[in-house]
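# Examining the three-dimensional arrangement
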Amino acid sequence: MKYVDEFRDPEKARRLQQRIEAVMLKLRKDRGRPLQIMEFCGGHTHTLFRYGIEQMLPEGLEMVHGPGCPVCVLPMGRVDDCVALAERPDVIFTTFGDAMRVPGSRKSLLQAKAEGADVRMVYSPLDALELARRNPDRQVIFFALGFETTMPSTALTVLQAKNEGIRNFSLFCNHITTVPTIKAVLDSPDMQIDAFLAPGHVSMVVGEQPFQFIAADYGKPIVITGFEPLDILQSIYMVLRQLAEGRSEVENQYQRIVPKNGNDAGLQAIAEVFELREYFEWRGLGSIDHSGVRMRGAFADYDAERKFTIPNLKIADPKACQCGEVIKGVIRPWECKVFGDACTPQTPMGALMVSSEGACAAYYNFGNLPDLLRLREQKDRRKPASTGADAA
Amino acid sequence: MCLGIPGQITAITDTEQMLAEVNVSGVTRPVNIACIVTDDHPPETCIGDWVLVHVGFAMSRIDEAEARKTLAILDELGEVQQELDAMRDSEQALA
Ligand code: SF4
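Since this is a predicted model, take the numbers as computed values, not measurements. (Residues numbered from 1 in each chain as written. Chains lettered and ligands numbered in written order. Predicted model: local features only at pLDDT ≥ 70, side-chain atom pairs only at ≥ 80, totals over all residues. Heavy atoms only, no water.)

### Remarks on the overall build of chain A
So the rule is basically this: To qualify as a helix, a DSSP run of H or I must reach at least 4 residues; to qualify as a strand, a run of E must reach at least 2; elements of each kind are numbered from the N terminus. We take the radius of gyration over the C-alpha atoms and set the globule estimate at 2.2 Å times the residue count to the 0.38 power. For every residue, the accessible area obtained with a 1.4 Å probe (protein chains only) is divided by the maximum for its type, and the residue is called buried under 20%, exposed over 50%, and partly exposed between those limits. Should any heavy atoms of two residues lie within 4.5 Å, those residues are considered in contact. Under the convention used here, a 1.4 Å probe and the Shrake-Rupley method define accessible areas, while residue burial counts only the protein chains that appear. In this tally, Lys and Arg are treated as positive and Asp and Glu as negative; His is ignored, and so are the chain termini. Charged side chains are reduced to one point each, which is NZ for Lys, CZ for Arg, CG for Asp and CD for Glu.
Looking only at helices and strands, chain A features 16 helices and 13 strands. The globule rule puts the C-alpha radius of gyration for 392 residues at 21 Å, and the 21 Å found for chain A is close to it. Oriented by its inertia axes, the alpha-carbon framework of chain A measures out at about 65 × 45 × 40 Å. Within chain A, the fraction of its 392 residues that count as buried is 61%. In chain A, the share of contacts with a sequence separation of at least 24, taken over all contacts with a separation of at least 6, comes to 76%. Split by element, the accessible area of chain A, about 15,000 Å² in all, is 48% carbon and sulfur. Taken together, the 47 basic and 50 acidic charged side chains of chain A have centroids lying 2 Å from each other.

### What about the overall build of chain B?
Secondary structure assignment for chain B yields two helices and five strands. When its helices and strands are written in sequence order, chain B yields β-β-β-β-β-α-α. Compactness check: chain B gives a C-alpha radius of gyration of 13 Å against a globular reference of 12 Å for 95 residues, within 12% of the reference. Across the 95 residues of chain B, 54% fall into the buried class. Summarising the internal contacts of chain B: among those between residues at least 6 apart in sequence, 50% fall at separations of at least 24. Approximately 4,100 Å² of chain B is accessible, and the part contributed by carbon and sulfur atoms is 47%. Across chain B, the centroid of the 5 positively charged side chains sits 5 Å from that of the 17 negatively charged ones.

### Regarding the domain arrangement of chain A
Residue and element names in this part refer to chain A. The following threshold applies: Reported domain spans reflect what an automatic or database domain assignment gives. Buried area is calculated as the accessible area (1.4 Å probe) missing from two parts once they are joined, with the contributions of both summed. When a carboxyl oxygen of Asp or Glu is within 4 Å of a side-chain nitrogen of Lys or Arg, the pair counts as a salt bridge.
Taken domain by domain, chain A comprises domain 1 (1-316) and domain 2 (323-379). On a C-alpha basis, the centroid separation for the pair domain 1 and domain 2 is 20 Å. Counting from both sides, the interface comprises 29 residues of domain 1 and, opposite them, 23 residues of domain 2. Contact between domain 1 and domain 2 buries roughly 2,200 Å² in total, counting both sides, with carbon and sulfur atoms accounting for 64%. Among the residues of domain 1 in contact with domain 2, Phe-49, Cys-72 and Arg-101 are the three that bury the most area, contributing 25% of the side total. One can count two salt bridges joining domain 1 with domain 2.

### With respect to the confidence of the model for chain B
Rule in force here: By definition, pLDDT measures how confident the predictor is in each residue, and it falls between 0 and 100.
Summary statistics for chain B give a mean pLDDT of 91 and a share of 98% for residues scoring 70 or more. For this predicted complex, the interface score ipTM comes out at 0.92, while the overall pTM is 0.89.

### Things to note about the nonpolar core
For soluble globular proteins, nonpolar side chains are generally found buried alongside one another. Residue and element names in this part refer to chain A. What counts is decided by this rule: For our purposes a nonpolar core is just a set of buried Ala, Val, Leu, Ile, Met, Phe, Trp, Tyr and Cys residues, chained together by side-chain atoms within 4.5 Å.
Counting residues in each nonpolar core, the largest one holds 168 residues, and the members touching the most others are Phe-93, Phe-169, Ile-236, Leu-240 and Phe-274. Considering each element in turn, this core owes the most residues, eight residues, to helix α11 (residues 229-244). Formed jointly, this core draws a minimum of three residues from each of two domains, domain 1 (1-316) and domain 2 (323-379).

### Regarding the sheet that holds strand β6 (residues 169-175) of chain A
Residue and element names in this part refer to chain A. Put simply, the test is: Strand pairing is defined by DSSP finding a minimum of two bridges between the two strands. A fitted line through C-alpha atoms represents every axis, and for helices the fit uses only the stretch in contact; the resulting angles, taken between N-to-C directions, go from 0 to 180 degrees.
A sheet is described by the order of its strands in space; here four strands give the open sequence β4-β3-β5-β6, paired in parallel fashion. Single-partner strands in this sheet number two, and they are β4 (119-121) and β6. This sheet shows a mean twist of 25° between the axes of neighbouring strands, independent of strand direction. Bridge analysis of strand β3 (residues 91-95) against strand β5 (residues 139-146) gives four bridges, and the strand direction is parallel.

### Description of the interface of chain A and chain B
Interfaces are frequently sized by the accessible area removed from exposure as the parts join. The test is simple: Any pair of nitrogen or oxygen atoms within 3.5 Å is treated as a polar contact; in protein, a donor-acceptor pairing is required on top of that, and neighbouring residues in sequence qualify only through side-chain atoms on both sides. In this classification, Asp, Glu, Lys and Arg are treated as charged, Ala, Val, Leu, Ile, Met, Phe, Trp, Tyr, Cys and Pro as nonpolar, and every other residue, Gly included, as polar.
Chain A puts 42 residues into the contact, and the matching count from chain B is 34 residues. When the two sides are added together, the surface that chain A and chain B hide from each other amounts to roughly 3,500 Å², 61% of it contributed by carbon and sulfur. Together, Arg-8, Tyr-123 and Glu-228 of chain A form the three largest contributors to the area buried by chain A at its contact with chain B, with a combined 21%. Taken together, the links from chain A to chain B amount to three salt bridges. With a shortest N-O distance of 2.9 Å, Arg-29 of chain B and Asp-127 of chain A are connected by a salt bridge. At the boundary of chain A with chain B, the tally comes to 15 residue pairs in polar contact (both at pLDDT 80 or more). Taken together, the elements giving at least two residues each to the side of chain A that touches chain B come down to α2 (42-50), β4, α6 (125-134), α7 (151-164), α9 (200-206) and α12 (264-273) of chain A. Partitioned by chemical class, the residues of the side of chain A that touches chain B number 19 nonpolar, twelve polar and eleven charged.

### With respect to the packing of aromatic side chains
All names here are of chain A. Our working definition: Side-chain rings of Phe, Tyr and Trp (the six-membered ring for Trp) are treated as a pair once their centres are within 6.5 Å; stacked means planes under 30 degrees apart, edge-to-face means over 60, and tilted covers the remaining angles.
Across all of its chains, the model carries nine aromatic pairs over all chains by this definition. Plain terms: the ring middles of Phe-213 and Tyr-218 are 6.0 Å apart, the flat faces sit at 75° to each other, and that makes the pair edge-to-face. When its relative accessible area of 26% is taken as the criterion, Tyr-218 is described as partly exposed. Relative to Tyr-254, the ring of Phe-227 lies with its centre 6.2 Å away and its plane at 80°, an arrangement referred to as edge-to-face. Placement of the pair is Phe-227 in the loop between β8 (222-225) and α11 and Tyr-254 in the loop between β9 (250-252) and α12, with a sequence separation of 27 residues.

### Points about the pattern of salt bridges
Residues and elements named next belong to chain A. Counted under the stated rule, the structure contains 37 salt bridges over all chains. Across the pair Glu-11 and Arg-14 runs a salt bridge whose closest N-O atoms are separated by 3.5 Å. Here Arg-14 and Glu-11 lie together in helix α1 (residues 10-28), a separation of three residues that amounts to about one turn. Among the ionic pairs, Glu-251 bridges to Arg-247, the shortest N-O distance being 3.6 Å. Glu-251 sits in the buried class, given a relative accessible area of 13%. A relative accessible area of 23% places Arg-247 in the partly exposed class.

Written out as structure tokens, the structure is:
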């Protein structure tokens, strides 16, 4: 209960906690394994850890931290492509700060910058476009990454560049799509997820409809969830109530931000500039059909992939990395063999250790490290074991 | 990048390009308002709007009470400082 007092409205938190416990009483009866809810979005993962929400949950209920951190699922080969682009003398390579430290097979963007490449951290693609205006003799490339939340911003920036006739600006497009990725998680043979919390700000753009198939075809409850701790507790209660009542629907806990039909202008810009790729490569998850977008032919002049040659090599993750299993919820982050030893936020092997939204970094930063490592040892000794209670 | 941050629109700078100025926790920066403009809510009426800003784009209108609550929570999460730092670093990167 130590954490509840930290909530802005501890009374409400306590009430939700009691409701969750009550509904779990009913749900626990006839199942031999813990119930698993996946929060898809890295923002949710961050809130969960910051407020210690997992420790507030009753036994038999586990949160699985999904693949929704765009930096965490960036394959090494793509980082190498960024570095190759950034190392061209005619290029100013611009990126969000989160991507700077993700390891590539040779180096990260941060290392490339230290070695003299012109890499600049920008807050917005609009700032990258401004750089292009101010440096007409250089090629400014913006590293476009993120789910649907950030797609309208890059699409609108490209439209503006085209409008103004700016020729020295392009996107290295690595946007990824939410729905095909959830589908891949659902289709994975070792998947045991019982219900989902859908990302709030992706939904703000795409609306409720794209998630319908999860409820309709896969029979899994899914609740669109906000980012505040009480939002998450309430959404956990909402999916559990669906499970207890034998329903599977898309419910919208975050109606104050998420309109049923999403954001018109944003969706229009996305549709105008981007088209689905046949497949996209993910770190830890392999190739997923239709899980990324590229720029349409009409925007070839603004597409760094077409304008420049990039290595485009597929680089396997280091053997010891178990990021994929963590993302799918097959193992807990601290159960990875290199967690806290060879892989730490200072020396990340996998990207889940890089971003503050990555599950491994979150456990490392907010968990009790010696406890976690002891748990892993115990588990290794008595395999296969279940890990009902979390010591994070 | 994904959580965004609430801010208040203080001026419209370019109706054609849908550009405005937004005040985020005391810091002023340019913001694109294409995603919050509709026929019923043209650019001129956006001044004073509280909005959720993602990477320089106003993505959603929110009411003031909600904005303040969200700011308080983002502050606890350490996100406000991060966003403001990112805005400041970005300004330097333009030089
Ligand atoms: S500890 Fe490192 S290698 Fe293992 S799953 Fe986490 S990020 Fe990947």
